[in-house]
Amino acid sequence: MLSNTINASDVKKMFLAGASNLNAKKEWINELNVFPVPDGDTGTNMTMTIMSAAKDVKALPEDVDMGVLCKNIYSGAMRGARGNSGVILSQLLRGFTKGVRDYDELNVPIIADAFGKAVETAYKAVMKPKEGTILTVAKGVAEKAMELSKEGTEDLAVFFEETIKYGDVVLSKTPEMLPVLKQAGVVDSGGQGLMQVLKGALDAFLGKEIDYSIDEAAATPVPKKAKAEAEVDIKFGYCTEFIVLLNKPLNVKQEIDFKSFLESIGDSIVMVADDEICKVHVHSNDPGLAIQRALMYGQLSNMKIDNMRMEHREKLFHETESGVYAEIETEINGAAESTPTYSKDDDIPLKGEASKAEEPKYVNAEHKEIGFVAVCAGEGLAEIFRGLGVDYVIEGGQTMNPSTADILDAASKVDADTVFVLPNNKNIILAANQAKIMMDDKEGDKKIIVIPTKTVPQGITAAINFIPGASAQENEEGMIEAIASVKSGEITYAVRDTMIDDVTIKQGDYMGIGDNGILGVGGDIDDVTEMMINKIADDSTELISLYYGSDIKEDEANTLSERIVAKFPNCDVEVQYGGQPIYYYIVSAE
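The following paragraphs examine the structure supplied in this document. Only a predicted model underlies this, so the values are computations on that prediction, with no experimental measurement involved.

1. Here's the deal with the overall build of the chain
Each helix and strand counted, the chain has 20 helices and 18 strands in total. A buried classification covers 54% of the 590 residues belonging to the chain. Sequence-distant contacts, at least 24 apart, represent 73% of the contacts inside the chain between residues at least 6 apart. Working note: accessible area of the chain is about 27,100 Å², and carbon and sulfur atoms make up 49% of it.

2. Structural notes on the pattern of salt bridges
Counted by the stated rule, this structure contains 19 salt bridges. Of the charged contacts, one joins K139 and E131 as a salt bridge, the two residues approaching to 3.7 Å between their closest N and O atoms. When its relative accessible area of 28% is taken as the criterion, K139 is described as partly exposed. A salt bridge links R386 to E383; its shortest N-O distance comes to 2.6 Å.

3. Digging into the sheet that holds strand β11 (residues 487-493)
A sheet is described by the order of its strands in space; here six strands give the open sequence β15-β14-β11-β18-β16-β17, paired in mixed fashion. Of all the strands in the sheet, just β15 (517-522) and β17 (572-577) have a single pairing partner and so form its edges. If you compare each strand with its neighbour and ignore which way they point, the axes differ by 20° on average. Here β11 pairs with strand β18 (residues 585-589) via five bridges, running antiparallel.

4. What about the environment of T121?
Of note, T121 is situated in helix α5 (residues 108-125). Here the alpha-carbon distance between T121 and L93, two residues 28 residues apart in the chain, equals 9.0 Å. When neighbours within four sequence positions are excluded, T121 is seen to be in contact with Q91, R94 and G95.

5. Here's the deal with a positive patch on the surface
A contiguous patch of positive charge on the surface is contributed by K128, K130, K426 and K454. The exposure class assigned to K128 is exposed, which follows from its relative accessible area of 71%.

6. Overview of a negative patch on the surface
Together, D65, D104, E105, D275 and E276 make up a negatively charged patch on the protein surface. Assignment of secondary structure puts D104 in the loop between α4 (83-100) and β2 (105-106). Judged by its relative accessible area of 61%, D104 falls in the exposed class.

7. Description of the packing of aromatic side chains
We describe a pair of aromatic rings using the distance from one ring centre to the other and the angle between the two ring planes. Within the structure shown, the criterion is met by 10 aromatic pairs. When the centroid spacing of 6.4 Å and the interplanar angle of 10° are considered together, the rings of F115 and F159 count as stacked. Of this pair, F115 sits in helix α5 while F159 sits in helix α7 (residues 156-177); the two residues are 44 residues apart in sequence, bridging distant segments of the chain. Judged by relative accessible area, which is 14%, F115 ranks as buried. By relative accessible area, which is 0% here, F159 ends up buried. Measuring from ring centre to ring centre gives 6.4 Å for Y493 and Y584, while their planes differ by 45°; the resulting arrangement is tilted. Placement of the pair is Y493 in strand β11 and Y584 in the loop between β17 and β18, with a sequence separation of 91 residues. Judged by its relative accessible area of 31%, Y493 is partly exposed. What makes Y584 buried here is its relative accessible area of 13%.

What counts as what
Residues numbered from 1 in each chain as written. Predicted model: local features only at pLDDT ≥ 70, side-chain atom pairs only at ≥ 80, totals over all residues. Heavy atoms only, no water. Helix = DSSP H or I, 4+ residues; strand = E, 2+ residues; numbered from the N terminus. Buried < 20%, exposed > 50% of the residue type's maximum accessible area, 1.4 Å probe, protein only. Contact = heavy atoms within 4.5 Å. Areas by Shrake-Rupley, 256 points an atom, 1.4 Å probe, with all protein chains shown as cover. Salt bridge = Lys/Arg side-chain N within 4 Å of Asp/Glu carboxyl O. Pairing = 2+ DSSP bridges. Axes fitted to C-alpha atoms, helices over the stretch in contact; angles between N-to-C directions. Patch = residues over 30% accessible without salt bridge, like charges linked within 9 Å, V, L, I, M, F, W, Y side chains within 5 Å. Lys, Arg positive; Asp, Glu negative; His and termini not counted. Charge placed at Lys NZ, Arg CZ, Asp CG, Glu CD. Phe/Tyr/Trp six-rings, centres within 6.5 Å; stacked < 30°, edge-to-face > 60°.

This is the structure in structure tokens:
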């Protein structure tokens, strides 16, 4: 039965329903991205952001306290925030939870005020807010909510339905606010994502049948592959559960650090904390690592450790009457030999990296004043950054935006007083700035400086212009000045028909995308690349660099290089292997 108030249990259900609805619509939202590139990611980024929180919220009891619920929503979302849309969504959730966390029950005035706090928090997080985006839609919803509250509306069903209806109206007007949306014939994808969260929450409030299960694969960039039970390869052998009786409440930073540590040693992480206890569940190959870390925060109780490999093999044995016992025993015994062990001083590899020890992402061996973290996709580009002195390379970029927690964790691993972060993508800068804020809140003198590199070439130029011995401030100023002179472009293909910047684009066309829009379209990669270079290079250009991707052969890149040399005889033309996916060439002109 509907009422004029909701409690924490109701909010939990509404939040999970909103997350589930966004997850179900993420591919549709991805297709709303203006540029018809094969890596449209707004829906994916927003889903991974909210699912990071939903996993924690799902584990909370039905009689959860509002403060505990809010803490898990905002800390999970901030930790998992990816891309501009994901960071903004995390800030909206942060502001909203600040507005409701001190109440046992919520009514129209409280919720309306919380919507306003959500918008205020999100706008502050964006350096140059742009209208016609998710921010505009959120502001419209908040304004309608406040209007209904001032009119004396008490019925929450009416309140939610009217605010969402108005949110759809604002969303429909976003093409009029951003010409690029109007020309592409789409509404803002981030705004649509926000509306799907709100609509899912409304369905839960109205009592509609909702699947509250959480797709954990939606919160991780690596999709899980289903296997028949008899073929399951159990990567982490021990299921470990315990409760930490906290010495003192964990702050947001401590929660993020603890959870990041658990993720570095295993998977299937559930960590839920309130002021007195912290419940932990993790699958790993060394339960002792999780236990040792937990003892930093308090005493342990309700400890439970199960050997999943043995349980799985025992189950197979009992289910298969004709099974070969010797083979099963060998597999159980052999599993122990593959289980790594670590001493407390070891640098524990992140999951999936143990087999890549010969190619470490982290190369900083001793403490120094200034260190570097860079984001890029492609082993060739990663090697270029390492060769320029970058200490830690995060695999990601246009095809997969790393989360705030990924960037914070990487910076924490670099043994330096100041860590420069090179996002190398405009959609990662907000997450990097959020990591900077979190590092500032952390105890200690270490700090992050974000150099706002929007492309890989800008990141390379920034690293080249680093001056050892100069202060962090001097280097920051010098690198920012240097990247301003870099013009860059990327070659990919269109996944649908559209029109951008008055250019007609057909599905399958090759596209040259520059810093400010479409620079070339056609059916031949080399023609489109030359077309793009013609627009980013001029008489003052001294160097043109071609970084060829994983789908381009070296001789093809060299042939294109000869063509560029003939066109620009007064320029040096360099060809380097980037290995990046999806983008055939990344080009810079300096």
